[in-house]
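Here is what each chain is made of, one letter per residue.
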Amino acid sequence: GWAATIDQQLDSLDINRCFGVTPLYASITRAIQEVNAVKGVESRQVIVLSDGVNIPNNCDLSLDKILVKGLQQNNEDIDELTALVKKSKVSIRVIL
């Protein structure tokens, strides 16, 4: 099954492609959607390891220079994630 491919999938991650932009909310939304689509399982889980920062666009992070587009995208992403969580079959638990 898919569980047997986890090590292979983790090994395929390219650290050189991990940079800058962190679309955290959009990524969690997509993960929940994909887990909801899995058929024939009793338990559905999404595990997220994160610093908690959501930066959907590559932009200057100075408080006086955050791009309006970045803030708009951030708000759209959190709204979509919130709506999905409310109707999802996936159990959500946040551990800080």
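Scroll up to find the structure this text is about.
Bear in mind that the values here come from a model prediction, so they are computed numbers and not experimental data.

1. Quick notes on a nonpolar patch on the surface
Next up, step 1: On the surface, a cluster of nonpolar side chains totalling about 530 Å² of accessible area is made up of Trp 2, Ile 6, Leu 10, Leu 13 and Val 38.
Next up, step 2: Relative to the assigned elements, Trp 2 resides in the segment before helix 1 (6-11).
Next up, step 3: By relative accessible area, Trp 2 is classed as exposed at 60%.

2. Digging into the side chain of Arg 44
Next up, step 1: With respect to the helices, strands and loops of the structure, Arg 44 is situated in the loop between helix 2 (24-36) and helix 3 (68-87).
Next up, step 2: It turns out Arg 44 is buried and unbridged, and the closest side chain with the opposite charge, Glu 42, is 7.6 Å from it.
Next up, step 3: Within polar-contact distance, the side chain of Arg 44 engages the backbone oxygen of Val 38 at 2.7 Å.
Next up, step 4: When neighbours within four sequence positions are excluded, Arg 44 is seen to be in contact with Val 35, Asn 36, Val 38, Val 90 and Ser 91.

3. Considerations on the pattern of salt bridges
Next up, step 1: For the coordinates displayed, the defined rule picks out 1 salt bridge.
Next up, step 2: A salt bridge links Arg 30 to Glu 34; its shortest N-O distance comes to 2.9 Å. Linking Arg 30 with Glu 34, this pair stays in helix 2, spanning 4 residues, or about one helical turn.
Next up, step 3: Residue class for Arg 30 comes out exposed when judged on its relative accessible area of 55%.

4. Here we look at the nonpolar core
Next up, step 1: Counting 7 residues, the largest nonpolar core consists of Leu 24, Ile 28, Ile 32, Val 35, Leu 81, Leu 84 and Val 90.
Next up, step 2: At the level of elements, helix 2 and helix 3 are the ones that each hand at least two residues to this core.
Next up, step 3: The biggest single contributor to this core is helix 2, with 4 residues.
Next up, step 4: Sequence-distant contacts of Val 35, defined by excluding residues within four places in its chain, comprise Arg 44, Gln 45, Val 46 and Val 90.

Scoring rules and cut-offs
- Residues numbered from 1 in each chain as written.
- Predicted model: local features only at pLDDT ≥ 70, side-chain atom pairs only at ≥ 80, totals over all residues.
- Heavy atoms only, no water.
- Patch = residues over 30% accessible without salt bridge, like charges linked within 9 Å, V, L, I, M, F, W, Y side chains within 5 Å.
- Areas by Shrake-Rupley, 256 points an atom, 1.4 Å probe, with all protein chains shown as cover.
- Salt bridge = Lys/Arg side-chain N within 4 Å of Asp/Glu carboxyl O.
- Helix = DSSP H or I, 4+ residues; strand = E, 2+ residues; numbered from the N terminus.
- Buried < 20%, exposed > 50% of the residue type's maximum accessible area, 1.4 Å probe, protein only.
- Lys, Arg positive; Asp, Glu negative; His and termini not counted.
- Polar contact = N/O pair within 3.5 Å; in protein donor to acceptor, adjacent residues only side chain to side chain.
- Contact = heavy atoms within 4.5 Å.
- Core = buried A, V, L, I, M, F, W, Y, C linked by side-chain atoms within 4.5 Å.

What is shown is where atoms sit, not what they do.
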